[in-house]
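Take a look at the letters that make up each chain.
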Amino acid sequence: ETTSAPNFIRNQIREEIEAGRSQKIVTRFPPEPNGFLHIGHAKSICLNFGLAEQFGGDCHLRFDDTNPAKEEQEYIDAIKEDVHWLGFQWSGDVRHASDYFDQLYAWAQHLIREGKAYVDDLSAEEIREYRGTLTAPGKPSPYRERSVEDNLDLLERMRTGEFAEGEKVLRAKIDMSSPNINLRDPILYRIRHAQHHQTGDKWKIYPSYDFTHGQSDAIEGITHSVCTLEFEDHRPLYEWFLDNLPVPAKPRQIEFARLNLNYTLTSKRKLKMLVDNGIVDGWDDPRMPTISGLRRRGYTPGAIRKFCEMIGVTRADGGLVDIAMLTHAIRSDLEDNAPRAMCVLKPLKVVLTNVSEEHEEVYEVPGHPARDDFPVRRIPFTRELWIDQDDFMEDAPKKFFRLAPGKEVRLRNSYVIRCDDVIKNAAGEVEELRCSVDFDTLGKNPEGRKVKGVIHWVSAKHGVPMEVRLYDNLFLVEQPDKDKDADFLDHLNPESLAAVQAIGEPSLATANGEDRFQFERVGYFCADRHASRPGHLVFNRTVGLKDSWAK
Ligand code: ATP
Ligand code: MG
Ligand code: MG
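As recorded in an unreviewed UniProt entry, the chain goes by Glutamine--tRNA ligase and comes from Halomonas binhaiensis. The UniProt entry for the chain carries this comment under Catalytic activity (unreviewed entry): "tRNA(Gln) + L-glutamine + ATP = L-glutaminyl-tRNA(Gln) + AMP + diphosphate". According to UniProt, the comment filed for the chain under the heading Sequence similarities (unreviewed entry) is "Belongs to the class-I aminoacyl-tRNA synthetase family."

Here is the structure:
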């Protein structure tokens, strides 16, 4: 069936272990709590936690929380829930880069004492200017040769809040003419007079990503620090810190290609704009590519994990992954695991003229065609039914095998009926069909003729009303943020959500939030985990039935 693609990091670690070069591996997943996790993060989660699982190692969950202005406790809580929901458990307590602020500060002082860091008074703009470009070397800041004493004193005063934001930074003293711009005296600390969700107002300075990440890895004994390719150019700096500080371990950074999915944004910043502008109903709107949005849409953890296995892990930028691969993963999961039900999305009344008002029979139907561990469904059949408007055509072409005037069709699990009369309202719209039942067709073919079509239906007397939300891609183009300057909001699909009032078979009446079904002939649906409850059903369409993924 579906195969897994190569994972070069897994192969590499397997070789290391077989050759005795690695014993216990420790990985980490290091999100910044500045938004909800998306499907791209799922790739990183499955990779990091998967490696630990596979090789009997540990995987830490560490919040990379060095930018208090953009971070919130709400995001921390959501991220923890998403990781758990995907089926992973981090080793030990949740960790935060901010847990190491004291140690990082001591290490900054260490670099100063070694003559490898200095306080710079240049403005952000001047620093950029002095840094040079790929073709022009940088030039040293006039503050680069400050004494150790001055630097230690200024850093301490930065820490205690004596200076305004932007007035000073701490920089490493490395090489202003390095071909790698990351080594041209990178910034270690910035002044930020902000309230931090973990450390409160203790700090007035915050370490940069580069000064934080590798050292946090070292403190935690991370062996393989897996990150996306944007950080490849940062690796020499990552290693410079480890080589120039008395760190307890030497983790290794390994880069892989990030996931990009067509019709989908994988950037927290841009997803936040959709939320902030009210374009979607929060971070877990079922149209969002967030883990919580996919969950609410009806995705299972297994399908997301399988998708991540299918896309593999490489160093080569794989371009855009087809979203059909993601929908394939959930569709094949639900095909095997979702109970069946009949539900009519666009109801059209059918009156069976040769069935009496009192008549009632009940069919017992398997919950799933290939499994016997689902409860049997009880499907009542009565005089009045609902069928789908799309299953009737007044002027039907020859190949239309559903219902048409004078034509026959089989009701799924029940009889063959014939359409005798079409009742219209004053506006000329079809309002009701009068049909008759051939009672000699239950479980057998009609005499002397072939009836090809089978349609789904629901007893009008027993059907349960429900709201069904039909979701589609949020964007009309494959790469909504391709053009850096163009507004991705210009490419929104105005029909990404259509809500209809549907009628389902009685077995749906007791559905709880997150229960998933195949609505036969229609698609896969999931009871909304927030809005749905027995007595007030709301279903979200997860995916249609048709698989368009070509292997
Ligand atoms: P975003 O730009 O969406 O905020 P990020 O990389 O800044 O993404 P982090 O919270 O720093 O978000 O990400 C945590 C981890 O997830 C990092 O190791 C990062 O490399 C990884 N990651 C983020 N996006 C993707 C993606 N599209 N594919 C694979 N891994 C990703
Ligand atoms: Mg990041
Ligand atoms: Mg980011």
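The discussion continues.
Trainee: Where do I start with the overall build of the chain in this structure?
Mentor: Across its full length, the chain carries twelve helices and 25 strands. At 31 Å, the chain has a C-alpha radius of gyration far larger than the 24 Å of a compact globule built from 551 residues. With respect to the principal axes defined by its C-alpha atoms, the chain has extents near 100 × 55 × 40 Å. Taking all 551 residues of the chain together, 39% fall into the buried category. Expressed as a percentage of contacts within the chain between residues at least 6 apart in sequence, the contacts between residues at least 24 apart total 71%.

Trainee: What is the right way to look at the UniProt feature "binding site: L-glutamine" (unreviewed entry) in the chain in this model?
Mentor: Those places that UniProt annotates as "binding site: L-glutamine" (unreviewed entry) correspond, in this numbering, to Asp64 and Tyr209. The annotated residues occupy 146 residues of the chain but converge on a single region, no pair of C-alpha atoms lying more than 8.0 Å apart. With respect to the helices and strands, Asp64 occurs in the loop between strand S2 (58-63) and helix H3 (73-85). A tally of 20 C-beta atoms within 10 Å means that Asp64 is categorised as buried. Excluding anything up to four places from it in sequence, Asp64 contacts Pro30, Pro31, Glu32 and Ala97.

Trainee: What's the story with the domain arrangement of the chain in this structure? I'm lost.
Mentor: Frequently, the measure chosen for interface size is the accessible area removed from exposure when the parts meet. Under the domain assignment used here, the chain contains domain 1 (8-256), domain 2 (268-337 + 467-504 + 509-544) and domain 3 (346-461). On a C-alpha basis, the centroid separation for the pair domain 2 and domain 3 is 32 Å. In this complex, domain 2 contributes five residues to the contact, which on the side of domain 3 involves six residues. Here the side of domain 2 that touches domain 3 is composed, by residue class, of two nonpolar, one polar and two charged.

Trainee: Hey, could you run me through the nonpolar core in this one?
Mentor: Soluble, globular proteins show a tendency: their nonpolar side chains are buried together. Membership of the largest hydrophobic core comes to 88 residues, with the highest contact counts inside it found for Ala42, Ile45, Ile304, Cys343, Val344, Ile387 and Trp457. By residue number, the principal contributor to this core is helix H2 (residues 39-54), which donates eight residues. Non-local contacts of Cys343, meaning those with residues more than four positions away in its chain, are made with Ala502, Gly504, Glu505, Leu508, Phe519 and Val522. With 29 residues, the next largest nonpolar core counts Leu104, Leu155, Phe211 and Leu237 among its residues.

Trainee: Just to check I follow, could you spell out the environment of Pro375 for this structure?
Mentor: Here Pro375 shows up in the loop between strand S13 (361-365) and strand S14 (377-381). Linking Pro375 and Glu514, residues 139 residues apart in sequence, is a C-alpha distance of 18 Å.

Trainee: Please explain the packing of helix H4 (residues 101-113) against helix H7 (residues 209-220) as it appears in this structure.
Mentor: Working note: a packed helix pair is described by the angle between its axes plus the distance between those axes. For the pair H4 and H7, the least separation of the axes is 11 Å and the interaxial angle reads 115 degrees. Here H7 runs roughly perpendicular to H4, going by the angle between their axes. In the crossing of H4 with H7, the sense of the turn from one axis to the other is right-handed. Taking contact as the criterion, the partners of Gln103, Leu104 and Trp107 in H4 are, on H7, Phe211, Thr212, Gln215 and Ile219.

Trainee: Where do I start with the sheet that holds strand S22 (residues 497-504) in this structure?
Mentor: Backbone-to-backbone hydrogen bonds join strands into a sheet, with any given pair of strands oriented parallel or antiparallel. Read from one edge of the open sheet, seven strands run S10-S23-S24-S25-S21-S22-S11, paired in mixed fashion. Single-partner strands in this sheet number two, and they are strand S10 (340-341) and strand S11 (343-344). As paired elements, strand S21 (residues 464-471) and S22 share eight bridges and run antiparallel to each other. Counted as the bridge partner of Met466 is Ala502 from S22. Where helix H12 (residues 323-337) meets the sheet, its contacts fall on strand S23 (516-519), strand S24 (523-527) and strand S25 (537-544), and the angle it forms with S25 comes to roughly 115 degrees.

Trainee: Looking at this structure, how should I read the site of ligand 1?
Mentor: Around ligand 1 sit 15 residues, and of these Pro31, Gly40, Ser44, Arg258 and Lys268 come closest. Those elements that place two or more of their residues in the shell around ligand 1 are H2 and strand S8 (224-228). The dominant element in the shell around ligand 1, judged by the number of residues it contributes, is H2, at four residues. Residues belonging to the shell around ligand 1 are distributed by class as follows: four nonpolar, six polar and five charged.

Trainee: How should I be thinking about helix H11 (residues 301-311) in this particular structure?
Mentor: Each turn of an α-helix holds 3.6 residues, which means side chains three or four residues apart point in the same direction. Taken as a whole, H11 has its buried residues at Ala303, Ile304, Lys306, Phe307, Cys308 and Ile311. Where H11 is buried, its residues touch H2, helix H10 (291-297) and H12. Gly312 occupies a position one or two residues after H11 and carries a positive phi of about 70 degrees.

Trainee: Is there a simple way to think about the pairing of strand S15 (residues 384-388) in this case?
Mentor: As a general feature of sheets, a regular strand has side chains that alternate between the two faces. Counting buried residues in S15 gives four out of five residues, a clear majority hidden from the surface. The sheet contact formed by S15 and strand S20 (residues 457-459) spans three bridges and is antiparallel. Its bridge partner being in S20, Ile387 is matched across the sheet by Trp457.

Trainee: What should I look at first to understand the pairing of S22 in this one?
Mentor: Of the pairings in the sheet, the one linking S11 to S22 comprises two bridges and is antiparallel in character. By the bridge assignment for S22, Val344 is matched with Ile503.

Trainee: Is there a simple way to explain the sheet that holds strand S3 (residues 95-96) in this structure?
Mentor: Pairing within the open sheet is parallel, and its three strands lie in the order S1-S2-S3. The sheet terminates laterally at strand S1 (26-29) and S3, the two strands that pair on one side only. Two strands pair when backbone bridges link them, and S2 and S3 are joined in this way by two bridges, in the parallel orientation. Bridging across to S3, Arg62 finds its partner in Arg95. In the packing of H7 onto the sheet, the strands contacted are S1, S2 and S3, and the crossing angle to S1 comes to about 135 degrees.

Conventions and cut-offs
Residues numbered from 1 in each chain as written. Chains lettered and ligands numbered in written order. Predicted model: local features only at pLDDT ≥ 70, side-chain atom pairs only at ≥ 80, totals over all residues. UniProt positions renumbered as here; feature names shortened; annotations may be inferred. Helix = DSSP H or I, 4+ residues; strand = E, 2+ residues; numbered from the N terminus. Rg over C-alpha atoms; globule rule 2.2 N^0.38 Å. Buried ≥ 20, exposed ≤ 12 C-beta atoms within 10 Å, placed from the backbone. Contact = placed C-beta atoms within 7 Å. Domains from an automatic or database assignment. Nonpolar A, V, L, I, M, F, W, Y, C, P; charged D, E, K, R; others polar. Core = buried A, V, L, I, M, F, W, Y, C linked by C-beta atoms within 7 Å. Axes fitted to C-alpha atoms, helices over the stretch in contact; angles between N-to-C directions. Parallel < 35°, antiparallel > 145°, perpendicular 65-115°, else oblique. Left-handed = near helix turned anticlockwise from the far one by under 90°. Pairing = 2+ DSSP bridges. Near = placed C-beta within 6 Å.

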